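# Structure at a glance
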Amino acid sequence: MAEDAEDSLKFAVAALELSSADPQSPRNNKEHHTQEMGLKRLIVHCCQVFTIILNFNWSFQPQMDNITFMAETGPEPTELLGTATFSLTQVQHGNVWSASDFTINLNSLRVSVFTPANAVIGPYTLTIQISQGQGHTVTYLVGTSIPLFNPWSAEDDVYLRSEILLQEYVMMDYGFVYKGHKRFITAWPWNYGQFEYDIVDICLEILNKSLYFLKNPSKEHSQRNDVVYVCRVVSAMINSNHDNGVLQGSWGQDYSKVSPLEWNGSVAILRRWSAQGGQPVQYGQCWVFAALTCTVMRCLGVPTHVVSNFRSVHNTDGNLTINTYSDRNAEMLPTQRPDKIWDFHIWNVCWVIRKDLPPGYNGWQVLDPTPQQTSSGLFCCGPASVKAIREGELHLAYDTPFVYAEVNADEVIWLLGDGQAQEILAHNISSIGKEISTKTIGSDERQNITSSYRYPEATWGSPEERSVYMKASRSMLGQTRASLPFLDLLGSSDMENQPAKLHLHLARTRERGQDLLLTLCAWRVPDGAHPQGPIRLVLRFCAQALLHGRGTQEPLWRQELCLNLDFGQETQWLLLPPYNNYRNRLTDEKLIRVSGIAQVEETGRSMLVLKDISLEPPYLSIEVSKRAEVDKALRVRIGLINNQMEPLSSCIVVLEGSGLMHGQISKSLETLMAGHTLEIQLDLYPIKAGPRQLQVLSSSNKVKEIKGYRDIFVTAARAS
């Protein structure tokens, strides 16, 4: 009896102590859709419970033992700045931090911890305090967790109802960006790699390098529960203008580091930026900026995808009109104005519930990290509601007027003579914002989503499109300027009243290394000034290499000819710009513009005809074994076919693919003679099961980007 009393006394006065804690990372990460990030640490989503197991020196007694939990975050962990303190309860109460639904098993306590929707995203330290009587407590470290935004929860501002969309826009770690020209669109495979083991840390490091954080770390960190705020910070930090962002842009042709064309995915760029201590990586252009942003936003839990806009405007003065110039020899002329038309421009859209906007503007929001102009003092753009862009509601935040102009501005081409704009050659109200594209859900096909951004257009605009355009014009220019006679002139169709129609089309395939062969078709049509009778045209043609931002090089080729046209007559004329003229003068884009100006001798008026030509690169083939299994050899055969008329030297092949390999594999090849094929074989040992994509990039002295990909489904390792 004495011994029993002594044991009871010890039990009554001895303190409960934490022996160990198990964060149950493998189970929790799987339930929170983060298992692809690894199973060794706890990465969770807000608005969803995760379970931990606490092991004590003896059994927890709810009536006697008092446990308080603390989740600390930020440089100054206080409750005003994101840190939370909460007690152990049996039932969860509301959308707040809680530890509840506990069960006791011998000396172990299983607890469900809930992270609320308004929790700051990023790393937390989880501790418990055990009260030992007389006001004395002991604090024990439980572990760390990284809560992220939760698109699976209706309580979160990134909630997306469709599981199919979530698999595509959050869980898919590869995809495509669409580049090229509106008539020659190329699908460029990209490795987003948002689930690579270190990418979440680098994404949080990006937030910690922002100017807002450096100015006031505690305040900035406490705002990371606001997805709109995080969107703007990421948009600013992906480019390096004004800060030590991830990527430095370059739109020239000489790259001292890595050309934007030579990146295969986001992972290598993000790791290089982190390894350099946050110094910008060189170099990127719009598709690299957008793909990086897609990686970061998906990693943080925000549904995101990449969108390409063909013939995209950069309108700096807000007049919704872009002016370009040509001389009488059909040469496109440079302009001192910063306004430009990109052959394509690429941005992101993120799915966000916009509590800062009126009802009806939730959903897809444009986020553009390419540094084109400042917003609130930094080079960032968005989020701008896609619906607001379509409806011309330009007063809604953020940067909606700029994005609206990217897809809706009018293009005016002027004939320049003696330093003066003498004649309007073309006024195009439907040439901007073409073939707006993204990857189709669950498919490798391209989806045209132009109708999401603008109403359909006829030749001179549909009533809905012109109505929205005029509303936007009044918003950007004011009531007076929006109705100036100049704008009325541009809205007229007088320029269509010409006595002839001209058209250029290719008469031969677009393979690089051959002479170009085009056919000019011309036919007489009635007009107001000369409703009948023959006319004489003096035509001057010019070919120029195009830069991505629609800048041009010196002319590659010129030709002049005269044509006599009469009613009922169609005339065809062959044009043959020779290969030797463009052989060593193409830009990275491999685009050539052939333009012609025809002067009508009877009226003195001029007509413009244009043809853009995108030259085909060499061909890359990829073959893989029929079966792919984790940790088993997967044979890959890559063939590079030189369809050019000259050898390719300094050939390099780079392979990348999350879940298929660690990092990249690079192979140097011998010179590839014209018309020949090089083949390499190698074995990969897949790391993760599930759908994967192998991206292959080949570059050489003549062609920097030859891209290919192969979708691969990897099965789990079979039990031995």
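One structure accompanies this document, and this report is about it. (Residues numbered from 1 in each chain as written. Predicted model: local features only at pLDDT ≥ 70, side-chain atom pairs only at ≥ 80, totals over all residues. Heavy atoms only, no water.)

By secondary structure assignment, the location of K439 is in strand β22 (residues 434–439). Here E168 takes part through its side chain, which lies 2.8 Å from a polar atom of the side chain of K439. Only 2.7 Å separates the side chain of K439 from the backbone oxygen of S443, close enough to count as a polar contact. Discounting chain neighbours no more than four positions away, the residues touching K439 are E168, Y169, G175, F176, Y178, D444, E445 and Q447. (Helix = DSSP H or I, 4+ residues; strand = E, 2+ residues; numbered from the N terminus. Polar contact = N/O pair within 3.5 Å; in protein donor to acceptor, adjacent residues only side chain to side chain. Contact = heavy atoms within 4.5 Å.)

Okay, the sheet that holds strand β24 (residues 500–506) next. If you walk across this open sheet you meet the 3 strands as β24-β25-β28, and the pairing is antiparallel. Both outer strands of the open sheet, β24 and β28 (570–575), are each paired with one neighbouring strand and no more. Taking the axes of each pair of neighbouring strands and ignoring which way they run, one obtains an average angle of 20° across the sheet. (Pairing = 2+ DSSP bridges. Axes fitted to C-alpha atoms, helices over the stretch in contact; angles between N-to-C directions.)

With that out of the way, let us pick up the packing of helix α7 (residues 227–238) against helix α9 (residues 286–299). Relative to each other, α7 and α9 sit at 140°, their axes nearing to 10 Å. Relative to α9, α7 is oriented oblique. For the pair α7 and α9, the sense of crossing is right-handed. Note on element contacts: α9 touches α7 through F289, L292, T293, V296 and M297, opposite C231, V234 and I238. (Parallel < 35°, antiparallel > 145°, perpendicular 65-115°, else oblique. Left-handed = near helix turned anticlockwise from the far one by under 90°.)

Turning our attention to the sheet that holds strand β6 (residues 98–105). In space, the 4 strands of this open sheet follow the order β1-β3-β7-β6, with antiparallel pairing throughout. Since the sheet does not close on itself, it has two edges, and those belong to β1 (18–22) and β6, each with one partner. On average, each strand axis in the sheet is inclined to that of its neighbour by 25°, with strand direction left out of account. Note: β1 against strand β3 (residues 48–56), 4 bridges, orientation antiparallel. Across the sheet, the residue bridging to L18 is F56, located in β3.

For the rest of this paragraph, the subject is the packing of helix α4 (residues 199–208) against α9. Remark: α4 packs on α9, axes separated minimally by 10 Å, with the N-to-C direction vectors making an angle of 105°. By the angle between their axes, α4 is roughly perpendicular relative to α9. Only T295, V296 and C299 of α9 make contact with α4, whose side of the interface consists of I199, V200, C203 and I206. Class assignment of the residues belonging to the contact of α4 with α9 gives a composition of 6 nonpolar, 1 polar and no charged. (Nonpolar A, V, L, I, M, F, W, Y, C, P; charged D, E, K, R; others polar.)

The next thing to look at is the pattern of salt bridges. All chains considered together, the criterion is met by 30 salt bridges. Sharing partners across several salt bridges, the network here consists of E36, D173, K688 and R692. (Salt bridge = Lys/Arg side-chain N within 4 Å of Asp/Glu carboxyl O.)

This next bit is on α7. If you check α7, its first and last C-alpha atoms are 16 Å apart, about what 12 residues at 1.5 Å a residue would give, namely 16 Å. In terms of residue burial, α7 counts as a mostly covered element, since 12 of its 12 residues are buried. Buried within α7 are the following residues: V227, V228, Y229, V230, C231, R232, V233, V234, S235, A236, M237 and I238. Residue D226 occupies the N-cap position of α7, its side-chain oxygen lying 3.0 Å from the main-chain nitrogen of V228. (Expected span 1.5 Å × (residues − 1). Buried < 20%, exposed > 50% of the residue type's maximum accessible area, 1.4 Å probe, protein only.)

Another point: the nonpolar core. Ranked by internal contacts, the top residues of the largest apolar core, which has 65 residues, are W190, V246, I269 and W287. The element best represented in this core is α9, accounting for 11 residues. With near-sequence residues (within four places) excluded, W287 lies in contact with V177, K179, W190, P260, L261, F344 and I346. Counting residues in hydrophobic clusters, the runner-up holds 32 residues, among them C47, I52, A84 and A119. (Core = buried A, V, L, I, M, F, W, Y, C linked by side-chain atoms within 4.5 Å.)

With that settled, the discussion passes to the pairing of strand β14 (residues 304–314). The buried fraction of β14 is high, at 11 of 11 residues. As judged from the 10 bridges shared by β14 and strand β17 (residues 340–352), these two strands associate in the antiparallel manner. Among the inter-strand pairings, N309 is bridged to a residue of β17, identified as H345. Where β14 and β22 come together, 2 bridges link them in antiparallel fashion. Of the residues in β22, the one forming a bridge with S308 is S437.

This brings us to the layout of surface pockets. Put simply, the second largest pocket is a space of about 780 Å³. Residue lining of the second largest pocket: 32 residues in total, with T186, E616, P617, E705 and K707 positioned closest to the centre. Counting residues per element, the lining of the second largest pocket draws most heavily on strand β11 (residues 184–191), which supplies 6 residues. Classifying every residue of the lining of the second largest pocket gives 18 nonpolar, 5 polar and 9 charged. (1 Å grid on protein atoms, 1.4 Å probe; cavity = no way out; pocket = protein on both sides within 12 Å on 5 of 7 lines; lining within 4 Å. Points joined across faces, edges and corners; volume = space filled by probe spheres on them.)

A word on the side chain of D368. With respect to the helices and strands, D368 occurs in the loop between β18 (363–367) and β19 (384–385). Within the buried set, D368 has no salt-bridge partner at all; the shortest N-O distance to an opposite charge, 11 Å, is to R232. A distance of 2.7 Å separates polar atoms of two side chains, one belonging to D368 and the other to H345. Beyond its immediate chain neighbours, meaning those up to four positions away, D368 contacts S235, H345, I346, W347, C380, C381 and E406. (Lys, Arg positive; Asp, Glu negative; His and termini not counted.)

For the rest of this paragraph, the subject is unusual backbone geometry. Omega for the bond connecting G382 with P383 falls within 30 degrees of zero, at 5°, which places this linkage in the cis form. Relative to the elements of secondary structure, P383 occurs in the loop between β18 and β19. The residue after A397, namely Y398, is reached through a cis peptide bond having omega -5°. Inspection of the secondary structure puts Y398 in the loop between α10 (386–391) and α11 (400–408). Its identity is not glycine, yet D101 carries a phi of approximately 50°, on the positive side. Its place among the elements puts D101 in strand β6.

Worth remembering: the numbers are spatial, not functional.
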